[in-house]
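Examination of the molecular architecture
Below are the chains, spelled out letter by letter.
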Amino acid sequence: MSSSTVITNIAALVTNDPSLGDHSPLGLVRDAAVAVEGDRVVWTGESSKAPATDNRVDAGGRAVLPGFVDSHSHLLFGGDRTEEFNARMSGRPYSAGGIRTTVAATRAASDAELEAGLVRYLAEALRQGTTTFETKSGYGLTTADESRALRVAARHTDEVTFLGAHIVAPELADDPAAYVGLVTGEMLDACAPHARWIDVFCEQGAFDGDQARAILTAGKAKGLHPRIHANQLSQGPGVRLAVELDAASADHCTHLTDADVDALANSRTVATLLPGAEFSTRAPWPDARRLLDAGATVALSTDCNPGSSFTSSVPFCIALAVRDMGMTPDEAVWSATAGGAAALRRDDVGRLTPGAYADLTLLDAPSHVHLAYRPGVPLIAGVWRRGVRVH
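In what follows, the accompanying structure is described. (Residues numbered from 1 in each chain as written. Predicted model: local features only at pLDDT ≥ 70, side-chain atom pairs only at ≥ 80, totals over all residues. Heavy atoms only, no water.)

1. Thoughts on helix H11 (residues 314–324)
- Within the sequence span of H11, burial applies to Val-314, Pro-315, Cys-317, Ile-318, Ala-319, Leu-320 and Ala-321.
- One side-chain oxygen of the residue at the start of H11 lies 3.1 Å from the amide nitrogen of Phe-316, identifying that residue as Ser-313.
- At the C-terminal side of H11, Gly-326 shows a positive phi close to 80 degrees. (Buried < 20%, exposed > 50% of the residue type's maximum accessible area, 1.4 Å probe, protein only. Helix = DSSP H or I, 4+ residues; strand = E, 2+ residues; numbered from the N terminus. Polar contact = N/O pair within 3.5 Å; in protein donor to acceptor, adjacent residues only side chain to side chain.)

2. Description of helix H6 (residues 209–221)
- Over its 13 residues, H6 extends 18 Å from the first C-alpha to the last, a length consistent with the 18 Å expected when each residue adds 1.5 Å.
- Elements that come into contact with the buried residues of H6 comprise strand E7 (159–165), helix H5 (176–191), strand E8 (197–202), strand E9 (225–226), strand E10 (228–230) and helix H7 (238–244).
- By the N-cap criterion, in which a side-chain oxygen at the helix start approaches the backbone nitrogen of a residue two or three places on, H6 is capped by Asp-208, the distance to Asp-210 being 3.2 Å.
- Looking one or two residues beyond H6, the residue adopting positive phi is Gly-223, at roughly 90 degrees. (Expected span 1.5 Å × (residues − 1). Contact = heavy atoms within 4.5 Å.)

3. Considerations on the nonpolar core
- Counting residues in hydrophobic clusters, the biggest one holds 84 residues, and the most contacted among them are Phe-162, Phe-207, Ile-228, Leu-264, Leu-291, Leu-300 and Ile-318.
- Per-element accounting of this core gives the leading share, six residues, to H5.
- Excluding anything up to four places from it in sequence, Leu-291 contacts Leu-256, Val-261, Leu-264, Ala-271, Leu-273, Ala-296 and Val-298.
- Listed in part, the 15 residues of the second largest apolar core include Leu-13, Val-36, Val-41 and Ala-59. (Core = buried A, V, L, I, M, F, W, Y, C linked by side-chain atoms within 4.5 Å.)

4. Focus: the environment of Val-377
- Structurally, Val-377 is set in the loop between helix H13 (370–373) and strand E15 (380–385).
- Assessed through its relative accessible area of 33%, Val-377 is described here as partly exposed.
- Val-377 sits 62 residues away from Pro-315 along the chain, and the two C-alpha atoms are 9.1 Å apart.

5. Observations regarding the sheet that holds strand E3 (residues 40–46)
- Taken in spatial order, the seven strands line up as E3-E2-E1-E4-E14-E15-E16 in an open sheet, and their pairing is mixed. At either margin of the open sheet sits one strand with a lone partner, and together these are E3 and strand E16 (388–389).
- Pairing geometry for strand E2 (residues 29–37) and E3, over six bridges, is antiparallel. Among the inter-strand pairings, Val-34 is bridged to a residue of E3, identified as Thr-44. (Pairing = 2+ DSSP bridges.)

6. Comments concerning the packing of helix H4 (residues 143–154) against H5
- Viewed as axis vectors pointing N to C, H4 and H5 meet at an angle of 40 degrees, and their least axial separation amounts to 9 Å. Looking at the two axes, H4 sits oblique to H5. Considering only the axes of H4 and H5, their crossing is right-handed. Counted together, Thr-143, Glu-146, Ser-147 and Leu-150 of H4 and Leu-182, Glu-186, Met-187, Ala-190 and Cys-191 of H5 form the full contact between these two elements.
- Its residues assigned to classes, the contact of H4 with H5 shows five nonpolar, two polar and two charged. (Axes fitted to C-alpha atoms, helices over the stretch in contact; angles between N-to-C directions. Parallel < 35°, antiparallel > 145°, perpendicular 65-115°, else oblique. Left-handed = near helix turned anticlockwise from the far one by under 90°. Nonpolar A, V, L, I, M, F, W, Y, C, P; charged D, E, K, R; others polar.)

Next comes the structure, spelled out in structure tokens:
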């Protein structure tokens, strides 16, 4: 028999169930409790009505919310790009070419070195409240290096993405068609067994719309579901391609036409916004308000990677989204939890209702609003993952 625990005396509980509490999208319950049995939530409601359990935890009048769902990261890499960042902050613009630096370092790294880095960044994210994460390959760009990255990642998460189409491999830079053939053939065959998703960087300097369609379609034929890096550096076909292929998410979404916004609003494809990238490259901010007002589903994620967004902190991204992207604190928290779950086509994470995984974050604050109100402050006082306290 698994043991049961109830967390009581919660000042404000974010459930992401609008049938509960204040009936907002956050389903905010005041003076709340949540009961856990094994790895699942079994009850949510007012503290005075909490069921009897084996264990009891007093939240001390603090807020509890679902663990963050980081649906976009690049954590399998060697080296770092400190020098590139330093140069860019001195005036050199970012371009997709910087990825080649990490490709060389990743190819040179051992499996053990790649896994040690992954474990380090996952522990860092967990301490900041992230309990579900997606991560990608994309820094190997050979069949052997891409497949080994995915094998390492699959030991730590179910949300593994094959991103062989990050950029054209340096050795085939003069023959991109040959590289697309490799990605959709031998590389895909080797990588598909270790991944759930397939992704492509659809952008000037990476892959055009026709190449991206060929890559994602080939992935779908192998049972991988598409996601796409879309419209980060310029307007382009990425968002509309994502919607056409029923991609789970179109990620970045910084440069959008009205047609792009309408397409997202009338689809299941989630617009995943990654403000760490704009912060770290001094690029224009995505307009979250425009997407939300149109009715699109929005997720917030870190894009943790060594080149353009070397942060694992979802709270930091929440603060940026509220300060610079037109989101309310409620919207930003929803997007970093339930929105991230939607971007992974999951309904068992990102919410605190019976049947969901018991992934909880306890804030050292009375309200989730403090995540944006007190930027940069380490507010994560406790983390439970699958019902076990891990921080």
